[in-house]
Amino acid sequence: MKKFNFIIIAGFYLLFANCTAELNSDSSLNEQSGSVKSEEAAIAGLACSPKPKLHYVSTYAGTGAAGSSDGQRLEATFNDVAGVAIDKYGNLIVVDAIGNKIRKINTNGITYTIAGNGNTGGDDGPAMQATFWQPEGVAVDANSNIYVSDLNNKVRKISPSGKVTTFAGSGAYGSADGPAYNASFKYIHDMAFDKEGNLFVTDIQNHKIRKISKNGTVSTYAGTGNPGSNDGPANKACFLEPIGIAVDDAGNVYVSDGNHKIRKITEKGMVSTYAGTGKSGFDDGPAHKASFYFPGSLSFDSYGNLYVTESGNYKVRKITPEGFVVTLAGDGTRGNADGPGYKANFDGPTGIALDRSRNIFVGDGFNNTVRLISPQVLQDDKEILTSIDK
């Protein structure tokens, strides 16, 4: 038995040694598919995860005062920052929920309004004359069209030429599938594209995940419509007020919901629990033992790590491809303190987006700011702009 234990321990250290070269070069394991693995596999996988770095939180945009002033990003004002996204040119798209506007922070650090006159409504037309009603989620397609969800139970589209149209939703409160202009929703929240250009949305009060195909057809992708937490075939699985959504490179869809879980929907239509016990909490560790408290928006990096904003714990968490949950930023209390991740705090973290340098941009709703979580202490955060190559 002692010899057997020695072999196991030696094997683990050999595994760790083999991973050291990867850690020193900050590389990552290839993405692994399937549900969360056993605790032993998760722990072994953690040894091969990218080398941990100090994450530092700073205020990227916004003074903290409620308003709608454009200008330099640290002088601009917002009113309840919701979704955020990055376009292919490196511009940061910011949803200004109560301001009823869509804002952009370009790579020179200038904030300006790209759609919405500030009034509440559902009018399409030229972007600066169009109206929104408390917009929430945002996604950008490969052609730089911007898609926004709002309380009109619609998905709106902002073209690069500056025209706002209704992409999906009749405006009625319902759950009808079919042609996009006839389909109905009950409070769309987050949205995400797959590689084929299909748009997936969380339909909160229908407790469903809906799919809007490239040809403009809306279908129910997962969920019976009854609130619950049942896994299994997508047409029999249940969700509870799904909020966040993201799609990985393999086409699997990940959803956060009110069960304090992250769920996974495979391309073959099977729903499983990817992370979370289902009980509210703040425990890190193997994904099947970790706990969340109202996880929100989701976003992947190029290594297959899934990032989660968490309104209940005022944190930003990460789930590695090997199935391990860690806290990147947030001390668990409400506030607006910048600094090292473990000391910083948020007040209503909402949308999340990553650039190619793994800088993390978070909409901090009640602080009326966009926060930046960077992998190291910044010498001059005024020089840190989104780093997607043009």
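Refer to the structure printed above.
Structure report, in brief. (Residues numbered from 1 in each chain as written. Predicted model: local features only at pLDDT ≥ 70, side-chain atom pairs only at ≥ 80, totals over all residues. Heavy atoms only, no water.)

**What about the side chain of T59?**
For clarity, the threshold we go by: Put simply, DSSP H or I for four residues or longer makes a helix, DSSP E for two residues or longer makes a strand, and each gets a number counted from the N terminus. Throughout this description, a polar contact denotes any pair of N or O atoms lying within 3.5 Å of each other; where both atoms belong to protein, one of them has to be capable of donating a hydrogen while the other can accept it, and for residues adjacent in sequence the pair is counted only when both atoms sit in side chains.
Inspection of the secondary structure assignment puts T59 in strand β1 (residues 56-61). In terms of polar contacts, T59 uses its side chain to reach the side chain of D338, at 3.1 Å.

**Section: the sheet that holds strand β18 (residues 245-247)**
Condition: Strands pair, by our definition, only if DSSP identifies at least two bridges between them.
Spatially, β17-β21-β20-β19-β18 is the arrangement adopted by the 5 strands of the open sheet, whose pairing is antiparallel. The open sheet has two free edges, formed respectively by β17 (232-233) and β18, since each of these has just one partner strand. In the sheet, β17 pairs with strand β21 (residues 270-275) via 2 bridges, with the strands oriented antiparallel. Of the residues in β21, the one forming a bridge with G232 is V271.

**Regarding the side chain of S374**
Put simply, the rule reads: Burial classes follow relative accessibility: with a 1.4 Å probe on protein chains only, a residue under 20% of its type's maximum area counts as buried, one over 50% as exposed, and anything between as partly exposed. What makes two residues a contact is simply this: any of their non-hydrogen atoms within 4.5 Å.
For S374, the position within the fold is in strand β30 (residues 369-374). Relative accessible area serves as the criterion here: at 0%, S374 is assigned to the buried category. Residues in contact with S374, not counting those within four places in the same chain, are L54, H55, Y56 and N359.

**Brief notes about the nonpolar core**
The condition is simple: Put simply, a nonpolar core is a bunch of buried Ala, Val, Leu, Ile, Met, Phe, Trp, Tyr and Cys residues held in one set by side-chain atoms that sit within 4.5 Å of each other.
Formed by 17 residues in total, the largest nonpolar core has its most connected members in I102, A115, V138, I146, I158 and V164. When contributions to this core are tallied by element, the ones reaching two or more residues are β3 (81-86), β4 (92-96), β6 (110-115), β8 (138-140) and β9 (146-150). Discounting residues that sit within four places of it in the chain, I158 has contacts with I102, A115, F132, S144, N145, I146, V148, K163 and V164.

**Remarks on unusual backbone geometry**
Even without being a glycine, N100 presents a positive backbone phi close to 55°. Mapped onto the fold, N100 is located in the loop between β4 and β5 (101-105). If you check the backbone angles, Y314 has positive phi at about 55° while not being a glycine. The buried category is assigned to Y314, whose relative accessible area is 19%.

**Regarding the pattern of salt bridges**
The condition is simple: The salt bridge definition used is simple: a Lys or Arg side-chain nitrogen within 4 Å of an Asp or Glu carboxyl oxygen.
Here the structure, examined in full by the defined rule, presents 13 salt bridges. With its nearest N and O atoms 2.9 Å apart, the salt bridge here joins R371 to D338. One end of the pair, R371, is in strand β30; the other, D338, is in the loop between β26 (324-329) and β27 (339-340), and 33 residues separate them in sequence. By relative accessible area, which is 1% here, R371 ends up buried. One salt-bridge network, held together by shared partners, links D70, D96 and R103.

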